[in-house]
Amino acid sequence: MIELIPAIDIIEGKCVRLTKGDYDRKTVYHDNPVDVAKHFEALGFKRLHVVDLDGAKNRHIVNVGVLREITRQTRLTVDFGGGIKSDDDLHQAFDNGASMVTVGSIAVTHPEWFIRWMEEFGTDRMILGADVRQGMISINGWKEDSAKPLIPFLKEFIDHGVRNVLCTEISCDGTLQGPALSLYREIMAIYPQLHLIASGGVSCIDDIHALEDSKIPAVVFGKAIYEGKIDLKSLIASQNRKEERL
């Protein structure tokens, strides 16, 4: 059964969504991300993906206070990403309640750091961020495209024990036009052992079902929630019924 992970993206302390990672195409959905997190918890979600978009842009964690309040005021398992560029950033995230962190840019620019962090904190607490544009890994808040193709990039870290990968197809993100199913199927065909988290483009419950039918382990989704495209109560109820049958 697919793991459902709602997303909260933060700019200036507010809950926002971008379209295709473009900071000039920003929509503010809520002034208080903590209230949004509490709402997700009340609906029955167990997990939350939090992205510090200011951090991603500024190359260091910015919205650590929001992370701290979400983890203090909810029991959600929070994975946190955006702006983790140093040991200090990593420790800030964990010290302020993150159960896991998502790291992408550093894995490209300083892969030895990511490997060291896995060894120090454990593979279960580290998520490799693989943000993809035209088959190449993108970094620094999707402002730069690297020279690393996706599949060899994944192999480099899988060989060092990576199990959790969050893959965002940037051309889909925030578009509500459906996820990159063929991309995720390709990854799972090559690396079936991965706990792959699909991200980008989810527009409705049918998209989630399509990912589940494709044996994708987990999905992050946000804009479809905030735009009212997904009935979360129905989605959670459906998942609960599936759990009962297992």
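The rules behind the values
- Residues numbered from 1 in each chain as written.
- Predicted model: local features only at pLDDT ≥ 70, side-chain atom pairs only at ≥ 80, totals over all residues.
- Heavy atoms only, no water.
- Helix = DSSP H or I, 4+ residues; strand = E, 2+ residues; numbered from the N terminus.
- Rg over C-alpha atoms; globule rule 2.2 N^0.38 Å.
- Buried < 20%, exposed > 50% of the residue type's maximum accessible area, 1.4 Å probe, protein only.
- Contact = heavy atoms within 4.5 Å.
- Areas by Shrake-Rupley, 256 points an atom, 1.4 Å probe, with all protein chains shown as cover.
- Lys, Arg positive; Asp, Glu negative; His and termini not counted.
- Charge placed at Lys NZ, Arg CZ, Asp CG, Glu CD.
- Arc of directions from axis to C-beta.
- Salt bridge = Lys/Arg side-chain N within 4 Å of Asp/Glu carboxyl O.
- Core = buried A, V, L, I, M, F, W, Y, C linked by side-chain atoms within 4.5 Å.
- Phe/Tyr/Trp six-rings, centres within 6.5 Å; stacked < 30°, edge-to-face > 60°.
- Pairing = 2+ DSSP bridges.

A short note on the overall build of the chain
A tally of regular secondary structure across the chain gives 11 helices and 12 strands. A compact globule built from 246 residues should have a C-alpha radius of gyration of about 18 Å, and the chain, at 16 Å, falls within 12% of that. With respect to the three principal axes, the spread of C-alpha positions in the chain is 45 × 40 × 35 Å. A total of 246 residues make up the chain; the buried ones form 59% of that total. Taking the intrachain contacts of the chain between residues at least 6 apart in sequence as the baseline, contacts between residues at least 24 apart amount to 65%. Of the roughly 10600 Å² of accessible surface on the chain, 46% is carried by carbon and sulfur atoms. Here the chain holds 29 positive side-chain charges and 36 negative ones, and the gap between their average locations is 3 Å.

Some thoughts on the side chain of threonine 102
Of note, threonine 102 is situated in strand β6 (residues 100-103). Beyond its immediate sequence surroundings of up to four residues, threonine 102 is in contact with His49, Asp79, Phe80, Gly81, Gly82, Ile84, Ile127, Gly129 and Leu166.

Thoughts on helix α9 (residues 205-213)
When we look at burial in α9, the residues that qualify are Asp207, Ile208, Leu211 and Glu212. Along the long axis of α9, the arc covered by the buried residues comes to 140 degrees, so they all point the same way. Along α9, the residues that are exposed and aim more than 90 degrees away from the buried face are Asp206 and Asp213. Looking at the packing, one finds that the buried side of α9 touches β1 (3-11), α8 (181-190), β11 (195-199), β12 (218-221) and α11 (232-245).

Let's talk about the pattern of salt bridges
For the structure shown, the criterion picks out 13 salt bridges. In this structure, arginine 68 engages glutamate 69 in a salt bridge whose closest nitrogen and oxygen atoms are separated by 4.0 Å. Its relative accessible area of 25% is what places glutamate 69 among the partly exposed residues. Salt bridges sharing common partners tie together Glu3, Arg47 and Asp79.

Details of the nonpolar core
Within the largest apolar cluster, 74 residues are counted, with the highest numbers of intra-cluster contacts made by Leu154 and Phe221. Setting aside chain neighbours within four positions, we find phenylalanine 221 in contact with Leu4, Ile5, Pro6, Ala7, Phe45, Val202, Ile208, Ile230, Leu232 and Leu235. Judged by nonpolar contacts, the second largest core, of 8 residues, contains Ala7, Met100, Ile127 and Leu166.

Considering the packing of aromatic side chains
Tallied over the entire structure, the rule returns 8 aromatic pairs. A ring pair is formed by tryptophan 113 and tryptophan 117, whose centres lie 6.4 Å apart and whose planes are at 50 degrees; its orientation type is tilted. Of the two residues, tryptophan 113 and tryptophan 117 are both situated in helix α6 (residues 111-121); the distance of 4 residues between them amounts to about one turn of the helix. The class for tryptophan 117 is buried, based on a relative accessible area of 0%. Aromatic pair phenylalanine 114 and phenylalanine 157: ring centres 5.4 Å apart, planes at 80 degrees, arrangement edge-to-face.

Some remarks on the pairing of strand β2 (residues 14-19)
For β2, the tally of buried residues reaches 5 of 6 residues, placing the bulk of the element in the interior. Pairing analysis gives 3 bridges linking β1 to β2, with the strands arranged antiparallel. Paired with isoleucine 10 across the strands is cysteine 15, a residue of β2. Connecting the antiparallel pair β1 and β2 is a turn made up of 2 residues, with glutamate 12 showing a positive phi of about 50 degrees. Inspection of the sheet shows β2 paired to strand β3 (residues 22-30) by 5 bridges, in the antiparallel sense. Note on β3: the bridge partner recorded for arginine 17 is threonine 27. In textbook terms, the turn of a hairpin is the stretch between consecutive antiparallel strands, and for β2 and β3 this stretch comprises 2 residues, one of which, lysine 20, has a positive phi near 55 degrees.

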